[in-house]
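# Residue-level structure breakdown
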Amino acid sequence: GPCVLSGGEVHSSWLSSASSGSTGEPFRVYYNPRAWATLKYLVKLRGRIACGVGPLDRIALLDAVPPENQASPLFSRALRCVRISVLQPAAQVAAALAGFRPDVMYGLPSALLEAARALRERGERLKARAIFTSGELLSGTTRGLLADAFQAAVYDVYGTSETKEIAWECTEGGMH
């Protein structure tokens, strides 16, 4: 599970993530490498596989990383996964999505809606197979707009900085 700081020191092998600050003050959670791999990747992978995501799918992660931390397009194509910064204009997000043509997208509902609007302004439409949302409340209206904009099934994910994914929506619409 999550590591507890001992004596106020952070071990160099620990990985961390920051909360959004929804409780009033952001904080950082530290994990040992095994806990990080389990919570960040294996639990997430289980839910995605259950929703039909395959090993050859191209996946776009819309994330709040600085634009300079995005991988190069060539590197992203090789990995079949791209991290696109939402801290840049929506037109640039749309251009990155149009160039990558993902099968699966993951991000905040609001960021995905902005990308859909910017794609429409470019005169483009992307068709994805699945969209995973998290980090914000997914309303029925937003779900419908995303499903229509990307012609994709929309799945909501619930998680926290402390535990990563707590629940994910399945193809039947229930949370697991």
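Definitions and limits used
- Chains are numbered independently. Their residues run from 1 in the order of the written sequence.
- At least 70 in pLDDT is required for a residue's local features to be given in this predicted model, at least 80 for side-chain atom pairs to be given and counted, and no such filter applies to totals for whole chains, interfaces and linings, which use all residues.
- With hydrogens and water stripped out, all remaining heavy atoms of the structure feed into the side-chain values.
- As used here, the term nonpolar core means buried Ala, Val, Leu, Ile, Met, Phe, Trp, Tyr and Cys residues forming a set that is joined through side-chain atoms within 4.5 Å.
- Per-residue accessibility, obtained with a 1.4 Å probe over protein chains only, is compared with the maximum for each type, and a residue is labelled buried under 20%, exposed over 50%, and partly exposed between these values.
- Secondary structure elements are taken from DSSP: a helix is a run of H or I of four residues or more, a strand is a run of E of two residues or more, and numbering for both begins at the N terminus.
- Throughout, a residue-residue contact means that at least one pair of heavy atoms, one from each residue, lies within 4.5 Å.
- For this analysis, a salt bridge means a side-chain nitrogen from Lys or Arg found within 4 Å of a carboxyl oxygen belonging to Asp or Glu.

### Looking at the nonpolar core
Side chains of nonpolar character tend, in soluble globular proteins, to be buried together. Residues A60, L62, L97, M105 and F150 are the most contacted members of the largest nonpolar core, which totals 26 residues. Those elements that place two or more of their residues in this core are β3 (59–63), β4 (81–85), α3 (90–100), α4 (109–121) and α5 (140–150). If one sorts the elements of this core by residue count, α4 sits on top with seven residues. Filtering out sequence-adjacent residues up to four positions away, A60 remains in contact with V82, I84, L97, F100, P102, V104, M105 and Y106. Judged by nonpolar contacts, the second largest core, of ten residues, contains C51, Y106, Y155 and W168.

### Structural notes on the pattern of salt bridges
Two side chains bearing opposite charge may form a pair once their charged atoms approach each other closely. Scanning the entire structure with this criterion turns up eight salt bridges. In this structure, R117 and E114 form a salt bridge, with 2.8 Å as the shortest nitrogen-oxygen distance. Taken together, the residues R117 and E114, both in helix α4 and three residues apart, mark about one turn of the helix. In this structure E114 comes out as partly exposed when scored by relative accessible area, which is 40%.

Function cannot be inferred from these measures alone, as they are strictly geometric.
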